[in-house]
Amino acid sequence: MTIKVTSCGKLYVAGEYAILTPGQTALIKNIPIYMQASISSASQIQLSSDLFDYSVGMEADENYSLIQDTVKVWARYRGLDLAKLPPFTLEISGKMEEDGLKYGIGSSGSVTILVLKALAAFSDLKLSPDLLFRLASYVLLARGDNGSMGDLACIAYEDFISFQAFDRKRVRRYLEKHSLQETLALDWGYQIEVLKPHLPAQFLVGWTRQPAISKDLIRQVQAAIDPEFLKVTNRATLRCKEALLKGDGAGVKNSLNQISDLLENLSPAIYTDKLHQLRTIASHYDAVAKSSGAGGGDCGIAFVFDKDILDQLLQEWEQVGIQLLYQEDFS
Ligand code: PMV
Ligand code: MG
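Treat the numbers as computed from the prediction; the structure is a model and nothing was measured.

### Some details on the pairing of strand β11 (residues 287-291)
Across the five residues that make up β11, a large majority, five, are buried. Relative to strand β12 (residues 299-304), β11 runs antiparallel, the two sharing five bridges. Looking across to β12, one finds that A289 is bridged to A302.

### Description of the state of the cysteines
Enumeration over the complete set of coordinates arrives at zero disulfides. Not part of a disulfide, C154 finds its nearest cysteine sulfur in C8, a span of 5.7 Å.

### A closer look at the layout of surface pockets
Of the voids in this model, the second largest pocket is the one considered here, and its volume is about 270 Å³. Taken together, L20, P22, L141, G144, D145, N146, D167, R168, K169, R172 and Q222 form the lining of the second largest pocket. By residue number, the principal contributor to the lining of the second largest pocket is helix α5 (residues 168-177), which donates three residues. Per-class residue counts for the lining of the second largest pocket are three nonpolar, three polar and five charged.

### Considerations on the site of ligand 1
In the neighbourhood of ligand 1, the contacting residues comprise K10, Y12, E16, Y17, I19, L20, G147, S148, S214, I218, G293 and A294. In this structure, Y17 approaches ligand 1 through a main-chain N or O atom, which is 2.9 Å from an oxygen atom. Against a free-state accessible area of 380 Å², the protein chains account for coverage of 91% of ligand 1. Secondary structure elements with two or more residues in the shell around ligand 1: β1 (2-14) and α7 (214-221). Split by residue class, the shell around ligand 1 holds six nonpolar, four polar and two charged.

### Observations concerning the sheet that holds β12
Strand order across the open sheet formed by four strands is β11-β12-β10-β13, with antiparallel pairing between neighbours. The two strands at the open ends of the sheet, each matched to only one other strand, are β11 and β13 (323-329). Within the sheet, the average angular offset between the axes of one strand and its neighbour, ignoring direction, is 20°. Looking at chain direction, strand β10 (residues 202-207) and β13 are connected through six bridges and run antiparallel. Along β13, the bridge assignment pairs Q202 with D329. The sheet contacts of helix α10 (residues 273-283) involve β10, β11 and β12, and relative to β11 the element is tilted by about 170°.

### Some details on the UniProt feature "domain: GHMP kinase C-terminal" (unreviewed entry) in the chain
The feature "domain: GHMP kinase C-terminal" (unreviewed entry), as annotated in UniProt, sits at residues 241-321 in this numbering. For residues 241-321, helix accounts for 56% and strand for 14%, while the C-alpha atoms at its two ends are 30 Å apart.

### A closer look at unusual backbone geometry
Unusually for a residue other than glycine, Y17 sits at a positive phi of about 70°. Looking at the element boundaries, Y17 is found in the loop between β1 and β2 (25-41). What makes Y17 buried here is its relative accessible area of 4%. One non-glycine residue, R209, lies in the positive phi region at around 65°.

### Here we look at helix α11 (residues 310-319)
Taken together, the buried positions of α11 are occupied by L310, L313, L314 and W317. Seen from one end, α11 has its buried residues packed into an arc of 95°, which puts them on one side. Across from the buried face of α11, at angles greater than 90 degrees, the exposed residues are D311, Q315 and Q319. Packed against the buried residues of α11 are β10, α10, β11, β12 and β13. At the C-terminal side of α11, G321 shows a positive phi close to 85°.

Criteria and cut-off values
Residues numbered from 1 in each chain as written. Chains lettered and ligands numbered in written order. Predicted model: local features only at pLDDT ≥ 70, side-chain atom pairs only at ≥ 80, totals over all residues. Heavy atoms only, no water. Buried < 20%, exposed > 50% of the residue type's maximum accessible area, 1.4 Å probe, protein only. Helix = DSSP H or I, 4+ residues; strand = E, 2+ residues; numbered from the N terminus. Pairing = 2+ DSSP bridges. Disulfide = S-S within 2.5 Å. 1 Å grid on protein atoms, 1.4 Å probe; cavity = no way out; pocket = protein on both sides within 12 Å on 5 of 7 lines; lining within 4 Å. Points joined across faces, edges and corners; volume = space filled by probe spheres on them. Nonpolar A, V, L, I, M, F, W, Y, C, P; charged D, E, K, R; others polar. Near = heavy atom within 4 Å. Polar contact = N/O pair within 3.5 Å; in protein donor to acceptor, adjacent residues only side chain to side chain. Areas by Shrake-Rupley, 256 points an atom, 1.4 Å probe, with all protein chains shown as cover. Axes fitted to C-alpha atoms, helices over the stretch in contact; angles between N-to-C directions. Contact = heavy atoms within 4.5 Å. UniProt positions renumbered as here; feature names shortened; annotations may be inferred. Arc of directions from axis to C-beta.

So, in structure tokens, the structure goes:
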């Protein structure tokens, strides 16, 4: 019997970079573009991904190390040696890319969640979104990942969320000296809230077709993050959250414009020419657009409050090489 599972993508709406600091809040939207996994019983563990033209077992392999680390954490979660884990074949597809260019909607976070979902389904277990989030974060923290884990929270919940960041250094230190079970039982101090916005607006994702590498951008930008940036960004992010929930389009527009300005001032690496154009074009209409996540390429997001201008805006985006990747009616 073959079991199939999927995991979604995600994009930051507000609070990127600030979310790297404990206590800060970000708004992160699930994007229903999926990765798929098929898992079935086999005589030994075999892993394959359509990103690579070969499959592996559990022997060291750089390309497959994230998937392999996830399998190892799963075995520990089940309290089994790897050799005792019932063997399986796991096939992963859905590259979240086009013409060899990645969309930048969270494929590495998504693959971690996907593998955990597949392994849980294979063991006939149901993991809550929260446990899924903590297991996936554990995998990445143990690997020394420098992200906020906000992507994992969004993908695990498969919903639009508000995420308040936990102290990753503290959890990292704790997991080095404690068991997986003890670490999972610890109060990490994050907060995840599912948002159900009602806003007379279209939510758009514009893809620049310029792949960016978040972990490099984080390294480049991190030193510029100061208390003032954090304070003002957090305030604007919370205002945006309230405005989304209240259906207050003007509030969403103001707060996102302010966050966008803060990001532009934080580092010139964030707003590439195309992301500038994405934002500027939207500003000529009853709409707001900004870079999403680390920036430096990948995708931007927009809210369009007047449906009648949608075609025109999309046409202008297209003229500067920005492709509509996803659209959702928020009303
Ligand atoms: O570009 P993305 O979607 O990977 O987002 C990165 C967001 C940062 O806040 C810059 C980093 C992080 O892990 O939160
Ligand atoms: Mg990105």
